[in-house]
Amino acid sequence: MAAAQPTGSPSGALCRQFLLVLAILTFACDACKTVTLHVPSKLDAEKFIGRVNLKECFKSANLIHSSDPDFQILQDGSVYTTNAILLSSAKRSFTILLSNTESQEEKKILVLLEHQTKEKHSPEKVLIRAKRRWAPIPCSVPENSLGPFPLFLQQIQSDTAQNYTIYYSISGPGVDKEPRNLFYVERDTGNLFCTRPIDREIYASFELVAFATTPDGYTPEYPLTLLIRIEDENDNYPIFTETTYMFKVSENCRVGTTVGQVCATDKDEPDTLHTRLRYSIIEQFPASPILFSMHPTTGVITTTSSQLDRELINKYQLKIKVQDMDGQYFGLQTTAACVINIEDANDHLPTFTRSSYVTSVEENRIDVEILRVAVEDKDLIYTANWRANYTILKGNENGNFKIVTDTETNEGVLCVVKALNYEEKQQVILQIGVVNEALYSGSSRSAMNTATVTVNVQNQDEGPECIPAVQIVRIKENVPRGTKVNGYKAYDPEIGRSNGIRYKKLNDPEGWVTVDENSGSITTFRTLDREAETVRNGVYNITVLASDKDGRTCTGTLGIMLEDVNDNGPSIPQRTVIICKTVMSSAEIVAVDPDEPINGPPFDFSLDAVSGSEVLRTWRLTKINDTAARLSYLNDPQFGRYTVPIRVTDRLGMSVVTELNVILCDCVTTNDCTIRSGSTGSRGVVLGKWAILAILLGIALLFCILLTLICGATGAAKKPKVFPDDLAQQNLIVSNTEAPGDDKVYSTNGFTTHTLGSSAQGVCGTLGSGVKNGGQETIEMVKGGQTESCREAGHHHTLEVCKGGGQHTLDSCRGGQVDMDNCRYTCSEWYTYTQPRLGEKVQQCNQDGNHMHAQDYVLTYNYEGKGSAAGSVGCCSERQEEDGLEFLDHLEPKFRTLAETCMKR
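Residues numbered from 1 in each chain as written. Predicted model: local features only at pLDDT ≥ 70, side-chain atom pairs only at ≥ 80, totals over all residues. Heavy atoms only, no water.

**Q** How should the state of the cysteines be read in this particular structure?
**A** One covalent bond between the sulfur atoms of two cysteine residues makes up a disulfide. Summed over the entire model, instances satisfying the criterion amount to three disulfides. Residue pairing for C466: its cysteine sulfur links by disulfide to C554, the two sulfurs lying 2.0 Å apart. The S-S bond linking C466 to C554 shows a torsion near 75 degrees; that makes this disulfide right-handed. Here C466 is found in the loop between β34 (449–458) and β35 (470–476), whereas its partner C554 is found in strand β41 (residues 553–563), with 88 residues between them in sequence. The exposure class of C466 is buried, given its relative accessible area of 11%. Across the disulfide, C665 is cross-linked to C673 (sulfur-sulfur distance 2.2 Å). Classification of the bridge connecting C665 and C673 rests on its S-S torsion, roughly 125 degrees, and on that basis the disulfide is right-handed. We note that C665, like C673, is buried. The cysteine C194 is free of any disulfide, with C139 supplying the nearest cysteine sulfur at 9.3 Å. (Disulfide = S-S within 2.5 Å. Helix = DSSP H or I, 4+ residues; strand = E, 2+ residues; numbered from the N terminus. Buried < 20%, exposed > 50% of the residue type's maximum accessible area, 1.4 Å probe, protein only.)

Next up, the structure:
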């Protein structure tokens, strides 16, 4: 904004004509079509060049953009230049983009700029450029102005008022925003007024927006931003942040020590005299001497003297002032209080109230208080500068005393912690010292005060003393009973002798000795054995009680050191030795001797047997070291248990024979060893009573199970059971056949003779199984008493064995069921009938039609134990179809009863 200027000039008339043409062309153009604006070839910055009717083209546009940055489009369609532009003779154009973000619509308007031809001016016409009058002009209002109101501030005016009728308006804080109606502008003149006083501390400035419009709403000027600043007035007192400041500083501190800092604030405008503050101390209490100063600009309080003494004055109070206007007399000022507490320093030593003390204590008393000493200290009570630490400097070399501090009274408490002996010392002189817990900060050379304590020891009638507590006497083991030696000796400290003291034995673990009541000597009551368990390291301890005539007692220990005698021979503690023959040929044996080493090793090992005995032929001893030997066997003895007598002799010739049990075992480790029965030299296994009882219980249990089975079978025979027709088909199935073994030719005659030449039990009992008893091979001939067929050259031979009740039936079986009731031949008849035929059948099975070895001939299998009563599948078995049920016609003996039961009756 600027003050109004004259408007009558040739350039102004030309401008008005130009703007009129632009307005006519602009309003005449259709919406959303190409718009042509006639403009001069040279355009100044921020100049209005025309207006486009946007509402007819796009009713609601959120965003309006110009494709050319040299032009700006306002909401009412006014087009302004943003920079100075020089148009060429060619046409220049740009696009206005209108967009609605809500409906996502966009429209464009093409604007063509066509410059006018320059008018020829007469020479007498001079173009006079006028100064722009629509520009922001700084404006200020004094704070708390007294008026009169409304107060004229300034006038805003636009150059376009020469061509148009212009109405002025403003908006922003202070107009249509809080604080409302503080400013207003006259519509026709542009005069700006303030309506009431303003507080700068609330509103420091206002930013208004001024508008210049024609009566029809046309805006020939940009909105003008108008800044109104409120000029500050010194109307606010500086204020301390606290009403009373509390600081502390140590006594005897150095000059210039910082005590604290005060601070004040001022609401007036910063960086002006109104807020330039000065601090000072107005008054000090106590007033003399002056000990503190304050920095005028920072407010820091420092000491000016090192004579602060808490013991004299422990607190100072200051009255401080802060003043604005850089401390000038007309500035505003405020005061506050400052309290400075003087902290204690350890500048005073604790001092004993007396330089010497005397006390007494009875001898043999411990943990008793005998004296209290007091000290004086001017430092602050109950602080480390006041609390005392006492120590004993001299006279306590034996550690009989200690001194501690009573935390409540600060006294030193002297106590006896180790008994004193009147007979040794009747008086003790102690030197004690005292210091504070905190380090001394004074200038005194000696930081410790001392005193002397004399302790008188009072005599008591004491009982006997057992000193030393353990006494030793020496005696040989195995001495005769009644041997007498010296015992434990106690003393009367009053006379220094043992007269009048009586003794009594309190503890004697083995009851080996007796104690003489008057002298304390001991007499052996039993044989003393150094190798007894109660003897530790050759010493046997007994406890003795000593008492005087007044009944006072003491207890001591008498250690009887037993001198060793060679009364024990060496022996072998491990009586059983296991030798695994497969991995070892010898075993190591070790001997021990309970006597002392002087009566022990080296040992001699030997076999205690007569010449030519079995022990000497079987075993040999080889010495390894002084205490061990190696036992090895000779001539490859059999597995079993052996008894080997071994004599071990010590260095003095005492020997002991040990019966060593040696087990030769077929094992890899000794833990896996088991003794085989029937081995040479074994003694047989002897069963204990519990083993025999376990065997009898097992036999009884088996009889119970067998009886239960017999009763169950009898009950089942008495009560027939009904089964479904298809039960056999569901439960009896054909098992998979085993693959044949390796082929091996076997002699037919030998087979026939060897197999059928067995005992009667082999024929009648197990021949149906085709098993040779007692041999290593089994020849499978028949299938558990079933029909076995061999086919060769069209011949069909059938062999049937019926087993039951001792009578057998020899019949031709043609795949049908055998009737067990028709078995009426004896075993001898069956043997006579089958022997020649069986050989012929085996011969036929062994060869094919070309007299070559058949693929299915007699096979030899490894012995797998006793065969089953049902037999197994062999070379002469009839081949059954896996998917058929013909096998039900050739059931084995133990399945026939099951088959008859499953049949429908």
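Still more to cover.
**Q** Even after reading the chapter, I still don't get a nonpolar patch on the surface, so can you show me in this structure?
**A** Side chains of I692, I695, L696, I699, F703, L706 and I710 sit close together on the surface and give an oily, nonpolar patch of about 670 Å² of accessible area. On the basis of relative accessible area, L706 is assigned to the partly exposed category, the value being 47%. (Patch = residues over 30% accessible without salt bridge, like charges linked within 9 Å, V, L, I, M, F, W, Y side chains within 5 Å. Areas by Shrake-Rupley, 256 points an atom, 1.4 Å probe, with all protein chains shown as cover. Salt bridge = Lys/Arg side-chain N within 4 Å of Asp/Glu carboxyl O.)

**Q** It is not clear to me how the sheet that holds strand β6 (residues 78–81) should be interpreted in this structure. Could you clarify?
**A** Within a beta sheet, neighbouring strands are joined by backbone hydrogen bonds and run either parallel or antiparallel to one another. Pairing within the open sheet is antiparallel, and its three strands lie in the order β3-β6-β5. Edge positions in the sheet fall to β3 (48–51) and β5 (71–73), since each has one partner strand and no second. The average angle at which neighbouring strand axes cross in this sheet is 25 degrees, direction not considered. Bridge count between β5 and β6: three bridges; the pairing is antiparallel. Bridge pairing links Q72 to Y80 in β6. (Pairing = 2+ DSSP bridges. Axes fitted to C-alpha atoms, helices over the stretch in contact; angles between N-to-C directions.)

**Q** Would you take a moment to explain the side chain of D406 for this structure?
**A** Residue placement: D406 occurs in the loop between β31 (401–405) and β32 (412–416). Polar side-chain contacts of D406 include one of 3.0 Å to the backbone nitrogen of E408. (Polar contact = N/O pair within 3.5 Å; in protein donor to acceptor, adjacent residues only side chain to side chain.)

**Q** For this particular structure, what's the right way to read the pattern of salt bridges?
**A** Two side chains with opposite charge may pair up if their charged atoms get near one another. A full pass over the atoms with the stated rule returns 19 salt bridges. Put simply, E201 and R200 hold a salt bridge, and the shortest N to O gap is 3.3 Å. For E201, a relative accessible area of 23% puts it in the partly exposed group. Linking E311 and R310 is a salt bridge whose minimum nitrogen-to-oxygen distance equals 3.1 Å. The class for E311 is partly exposed, based on a relative accessible area of 24%.

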